[in-house]
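Spelled out from the first residue to the last, the chains are:
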Amino acid sequence: MWMVAEAYTRMRRHKYVNEANRYAANVIAGKTMRLVSVVMAVGLLQGCFGAPSIDDTMDEYNTRLSRVLDKPLTQEASPDSTLVASNIALPSHTYPTLAELGNNVNPLNINIREFYAIQDCELGRIVAERNTALGKTQLPSQRLQYEHRLLNVLANCEARLQAADNPIASTVAEWRKQKQAQYQSVWANVVQTSTEMKLGLSMAGSPLQASENKDAKATVNALNFINGLAETLKQKNAVDTNVEASANNNGELEQQLQIIASSRLPAKLWQTQAILNNRLAFLNQVLAPALNNVKCENGIDSDKATILRNVFYLYFIEEIQPIASTLNNYHYQLQPLWEQWAGNTALSAPFKAHIRTHAVDNFTQYSATMKAHVTLWQNFLGRCNLSPTAP
């Protein structure tokens, strides 16, 4: 009953804003249907301007409630208020510095005698590639692919040398063990230090919409794809062929990173939950006593109570809750991934703290704030014998 279709309005963005305000003033005088007709008219024009942002919707919601109650309901309008909202941080404010995130991965230490001894293997060419100017300036994603190829070549070279009873086989085996132990750190550098990942996990650009969130579904798949690359050699001379193909497919890995950078889904989720929590936390505190002062004697609703119900329905139920529903949906799709990363020892503590802050702590706080707002209205509507239905 509380979840309904997508929003109608962004009144401030079209040329009829003055008429809308005049109609809203008439509503206060008891002309309830005027509010409905204005919002519906604005909804017809919304397609010309795009969907409103969550901040714009919250501004309209506060303005309408304030006008009906004849009481300021924002911190800006109440500078002397002693009420303090428990704000949560935006993801752009908590992402760690590069110095806190990067893993130092030592290269193989191969002397001249060993280098010439492995020339019959492809290993010599792969090692030489790393020592070129391009090899020394690889992006984290390029380094991951290089390390995966190196592991595969090491395993194959070790097997050939062992078959030929070449004593250097034991040295190659030690190199393979060294690189295998480092692989998780190389993968973690992709997750933590890639420009695309930083954008996706901290720089939202704009809040989430109820729909039309570009590449959002594809981002869930992209993040899980990159998570799957954490797997490497399963045993001494065996390669996971599926992971090997993915890691060596330069185009696919870069494409998945570009999807994450384009969508920035996690950052959008976390920015949106911060906006909703921070705006509603204060509103809950000032709105509760204001609603308690609205008279509904013997359970009989008044004109003011009806108008308040209409504002709640048109702005919160029809505009804000669909965004919250989309947020919750993607949150739960990504939750298993965040839990895996929380237990991954290759990821740094500051990085995992960033994820935990937004995907666990702040989501819990935002959810409680949303629930408190709904409960506040349930109590008011129940007292006035009103239902949260379309006016």
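Residues numbered from 1 in each chain as written. Predicted model: local features only at pLDDT ≥ 70, side-chain atom pairs only at ≥ 80, totals over all residues. Heavy atoms only, no water.

Undergrad: How would you summarise the packing of aromatic side chains if you had to cite specific residues and measurements?
TA: Going through the model one piece at a time under the given rule, you end up with 11 aromatic pairs. Between Y95 and F351 the ring centres are 6.4 Å apart and the planes differ by 90°, which places this aromatic pair in the edge-to-face class. With a gap of 256 residues between them, Y95 in the loop between α3 (54-69) and α4 (98-101) and F351 in helix α15 (residues 349-383) connect regions that are remote in the sequence. In this structure Y95 comes out as buried when scored by relative accessible area, which is 11%. (Phe/Tyr/Trp six-rings, centres within 6.5 Å; stacked < 30°, edge-to-face > 60°. Helix = DSSP H or I, 4+ residues; strand = E, 2+ residues; numbered from the N terminus. Buried < 20%, exposed > 50% of the residue type's maximum accessible area, 1.4 Å probe, protein only.)

Undergrad: Go over the pattern of salt bridges, please, and point to the residues and values.
TA: By the definition in use, this model includes 8 salt bridges. We note a salt bridge from E60 to R64, for which the minimum N-O separation is 3.8 Å. Of this pair, E60 and R64 both sit in helix α3, 4 residues apart, which is roughly one turn of the helix. Connected via shared salt-bridge partners are D55, D59 and R279. (Salt bridge = Lys/Arg side-chain N within 4 Å of Asp/Glu carboxyl O.)

Undergrad: Lay out helix α7 (residues 140-163) in plain terms, naming residues and giving numbers.
TA: Compared with the 34 Å implied by 1.5 Å per residue over 24 residues, the 35 Å span of α7 between its first and last C-alpha is a close match. D165, located one to two residues past α7, shows a positive phi value of around 55°. (Expected span 1.5 Å × (residues − 1).)

Undergrad: Kindly report on the environment of E318, identifying the contributing residues and their values.
TA: Its place among the elements puts E318 in helix α14 (residues 303-342). On the basis of relative accessibility, which here comes to 5%, the residue E318 falls in the buried class. Through-space distance from the C-alpha of E318 to that of A390 is 9.4 Å; in sequence the pair is 72 residues apart.

Undergrad: I'd like to hear about the packing of α14 against α15, residue by residue, with values.
TA: Interaxial distance between α14 and α15 falls to 10 Å at its minimum, and their mutual angle equals 155°. With respect to their mutual orientation, α14 and α15 come out roughly antiparallel. α14 and α15 meet at a crossing whose hand is left-handed. Grouping the constituent residues of the contact of α14 with α15 by class yields 20 nonpolar, 4 polar and 2 charged. (Axes fitted to C-alpha atoms, helices over the stretch in contact; angles between N-to-C directions. Parallel < 35°, antiparallel > 145°, perpendicular 65-115°, else oblique. Left-handed = near helix turned anticlockwise from the far one by under 90°. Nonpolar A, V, L, I, M, F, W, Y, C, P; charged D, E, K, R; others polar.)

Undergrad: Lay out α3 in plain terms, naming residues and giving numbers.
TA: An ideal rise of 1.5 Å per residue puts 22 Å on 16 residues; α3 measures up with 22 Å between its terminal C-alpha atoms. Directly after α3, the chain includes D70, whose backbone phi takes a positive value near 55°.

Undergrad: Describe the environment of T357, with residues and values.
TA: Inspection of the secondary structure puts T357 in helix α15. T357 gets classed as partly exposed once you look at its relative accessible area, which sits at 26%. Through-space distance from the C-alpha of T357 to that of I88 is 9.3 Å; in sequence the pair is 269 residues apart.

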